[in-house]
Amino acid sequence: GIAEVRAGGNGAIGTEQAPSTLNGSTYWVESTQLSADLLQLTSTAIDDRTGACMQMTLQREVDSIWLWAAFGKDVLHMDSNARTDSYNSALGTYASQKVNGSGASAYADTDGNIGSNGGITLDSNAKVWGDATPGPSSAVVLHSNASVDGSTNPLAEPQELPALVAPTYASNGNKTVSGTFNLAAGNYSYNTFKLNSNATVNVTGPANIVITNFTLNSNTKFYADTTNGPVKVWVLDNLVLDSGVTIRPNNYVPADLELNLLSDNVADPGITIQLDTVSFSSNSSMYGTIYAPEAKLRIDSNFELFGAMMARNIDLDSNCKIHYDEALATTKASGSVEWHKLAWRELPYAGD
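Residues numbered from 1 in each chain as written. Predicted model: local features only at pLDDT ≥ 70, side-chain atom pairs only at ≥ 80, totals over all residues. Heavy atoms only, no water.

**Considering the overall build of the chain**
Piece 1. The number of helices and strands found in the chain is three helices and 26 strands.
Piece 2. Across its three principal directions, the C-alpha atoms of the chain cover 75 × 50 × 40 Å.
Piece 3. Looking at the 352 residues of the chain, the share that counts as buried comes to 47%.
Piece 4. For the chain, the share of sequence-separated contacts (at least 6 apart) that also reach a separation of at least 24 residues comes to 50%.
Piece 5. Taken as a whole, the chain presents about 16200 Å² of accessible surface, with 46% of it coming from carbon and sulfur.
Piece 6. A gap of 5 Å separates the mean positions of the 19 positive and 36 negative side-chain charges of the chain. (Helix = DSSP H or I, 4+ residues; strand = E, 2+ residues; numbered from the N terminus. Buried < 20%, exposed > 50% of the residue type's maximum accessible area, 1.4 Å probe, protein only. Contact = heavy atoms within 4.5 Å. Areas by Shrake-Rupley, 256 points an atom, 1.4 Å probe, with all protein chains shown as cover. Lys, Arg positive; Asp, Glu negative; His and termini not counted. Charge placed at Lys NZ, Arg CZ, Asp CG, Glu CD.)

So, in structure tokens, the structure goes:
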């Protein structure tokens, strides 16, 4: 079972009704995913009408920065009724996994972890279905009725956010879209790319798009056909995302669509510069990852993200929801994924 896991499987081998065989004995291994990082294998073997059962728990170690629903390098704040939880896009839709709780408190899984190298503040009724991990010398502040389902222990050491480097392509000038615009697979660069209200852009992957100033006006759609490869967008300066915007790949898999912001909108008192504009307005939704290592992201109310975000500062306004995709930990890992034995025990054999 361990060999199957390390080869990329889930560790399940055979069943009680259809066991596997080995040197005249029969056996089967059952696999239970306890969390994104813990896997339980239960093995039963029978030889000459004698049976034995053993259970082992494996812990995943991943070389990846994409282990958080939201991570703010300097600070992270969640306003009233903002929520984080998790699901796994490899197992189906978020809706199919949202089976816990009820009403406004319904959630899928509990790996919606948030973190910061600084402090974390949750305002009234904010909820984290996961861990809230502050910086090594900081703490989590919970206001009235705010809660964290998991740990609030601090980081052992700061989390570094790698610098962004955008690719360079020949400029396609300026583009304004009214109605529908289809962009074929390829590499593109635009000075300005603007979607007028209610416009739709359909991008076929694989595609890399570098935009100096990117504006999505109200009720626009940015769709990515990632059947043949991902779509990656780099914004060099200003990003304005108006209300009611939808950004998603056609398969709803967050790993297939990246929004990378090189924007710098955080004032340095010792330097006088023109700050970039980064705006995420209310009632919009996105499937993908948002990475902005030098920007403050203030996400307006009712924004819903399926995937993950990392930035210099993160401020989630009221009723924002982030549903961390647990598959990102492996699909966007920078190194190998390893499973280590955490614990094991013998169980009573329950056969005839």
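Moving on, there is more to tell.
**What to know about the confidence of the model for the chain**
Piece 1. When the pLDDT values of the chain are averaged, the result is 90; 94% of them are 70 or greater.
Piece 2. Confidence drops under pLDDT 50 across residues 266-275; counting only partners more than four residues distant or on other chains, this segment forms eight contacts. (pLDDT = per-residue confidence, 0-100.)

**Quick notes on the environment of threonine 227**
Piece 1. By the secondary structure assignment, threonine 227 is in the loop between strand 18 (221-225) and strand 19 (231-241).
Piece 2. Take threonine 227: its relative accessible area is 61%, and that puts it in the exposed class.
Piece 3. For the pair threonine 227 and tyrosine 190, spaced 37 residues apart in sequence, the C-alpha to C-alpha distance is 24 Å.
Piece 4. A polar side-chain atom of threonine 227 sits 2.7 Å from a polar atom in the side chain of aspartate 225. (Polar contact = N/O pair within 3.5 Å; in protein donor to acceptor, adjacent residues only side chain to side chain.)

**A closer look at the pairing of strand 25 (residues 321-325)**
Piece 1. Counting buried residues along strand 25, four of its five residues qualify, which places the element largely inside the surrounding structure.
Piece 2. Pairing of strand 6 (residues 83-87) with strand 25 involves five bridges; the strand directions are parallel. By the bridge assignment for strand 25, arginine 83 is matched with lysine 321.
Piece 3. Direction of pairing for strand 24 (residues 304-316) relative to strand 25: parallel, over a ladder of four bridges. Note on strand 25: the bridge partner recorded for glutamate 304 is lysine 321. (Pairing = 2+ DSSP bridges.)

**A word on unusual backbone geometry**
For residues that are not glycine, phi is negative in most cases, and the peptide bond is trans in most cases.
Piece 1. Each neighbour pair has its own omega, and for glycine 205 with proline 206 the value is 5°, a cis peptide bond.
Piece 2. Inspection of the secondary structure assignment puts proline 206 in the loop between strand 16 (200-204) and strand 17 (207-216).
Piece 3. Even without a glycine there, the phi angle at asparagine 145 is positive, about 65°.
Piece 4. Considering the arrangement of structural elements, one finds asparagine 145 in the loop between strand 11 (140-142) and strand 12 (147-148).
Piece 5. The exposure class assigned to asparagine 145 is exposed, which follows from its relative accessible area of 62%.

**Considering empty space enclosed by the protein**
Over the atoms, a rolling probe the size of a water molecule traces out where space has been left empty.
Piece 1. Across all of its chains, the model carries one cavity of 30 Å³ or more by this definition.
Piece 2. The leading source of residues in the lining of the largest cavity is strand 21 (residues 257-261), at three residues.
Piece 3. For the lining of the largest cavity, the class distribution of residues is seven nonpolar, no polar and one charged. (1 Å grid on protein atoms, 1.4 Å probe; cavity = no way out; pocket = protein on both sides within 12 Å on 5 of 7 lines; lining within 4 Å. Points joined across faces, edges and corners; volume = space filled by probe spheres on them. Nonpolar A, V, L, I, M, F, W, Y, C, P; charged D, E, K, R; others polar.)

**Here's the deal with the packing of aromatic side chains**
Piece 1. Counted according to the given criterion, the structure contains 14 aromatic pairs.
Piece 2. Ring geometry for tyrosine 87 and tyrosine 94: centres 5.6 Å apart, planes at 85°, overall edge-to-face. The pair formed by tyrosine 87 and tyrosine 94 is uniform in burial state, with each residue classed as buried.
Piece 3. Centroid distance tyrosine 94 to phenylalanine 306: 5.7 Å. Interplanar angle 70°. Geometry classified as edge-to-face. Within this pair, whereas tyrosine 94 is found in helix 2 (residues 94-97), its partner phenylalanine 306 is found in strand 24, the two being separated by 212 residues in sequence. (Phe/Tyr/Trp six-rings, centres within 6.5 Å; stacked < 30°, edge-to-face > 60°.)

**Re the nonpolar core**
One broad trend across soluble globular proteins is that nonpolar side chains are buried collectively.
Piece 1. In this structure, Ile209, Phe214, Phe222, Phe280, Leu297 and Met309 are the most contacted members of the largest nonpolar core, which totals 74 residues.
Piece 2. Each residue touching phenylalanine 280, except ones within four places of it in the same chain, is listed here: Leu239, Leu241, Leu259, Leu261, Ile290, Leu297, Arg298, Ile299, Asp300 and Phe303.
Piece 3. In terms of nonpolar packing, the next biggest core, distinct from the first, is built from eight residues, Val29, Met56, Leu58 and Trp339 among them. (Core = buried A, V, L, I, M, F, W, Y, C linked by side-chain atoms within 4.5 Å.)

**Thoughts on the pattern of salt bridges**
Piece 1. Here the structure, examined in full by the defined rule, presents five salt bridges.
Piece 2. Of the charged contacts, one joins glutamate 294 and arginine 312 as a salt bridge, the two residues approaching to 3.6 Å between their closest N and O atoms. Placement of the pair is glutamate 294 in strand 23 (residues 285-299) and arginine 312 in strand 24, with a sequence separation of 18 residues.
Piece 3. On the basis of relative accessibility, which here comes to 22%, the residue arginine 312 falls in the partly exposed class.
Piece 4. Here arginine 298 ties to aspartate 317 by a salt bridge, and the two come within 3.2 Å at their closest N and O atoms. Of this pair, arginine 298 sits in strand 23 while aspartate 317 sits in the loop between strand 24 and strand 25, and the two are 19 residues apart along the sequence.
Piece 5. Of the residues examined, arginine 298 reaches a relative accessible area of 42% and is grouped as partly exposed. (Salt bridge = Lys/Arg side-chain N within 4 Å of Asp/Glu carboxyl O.)

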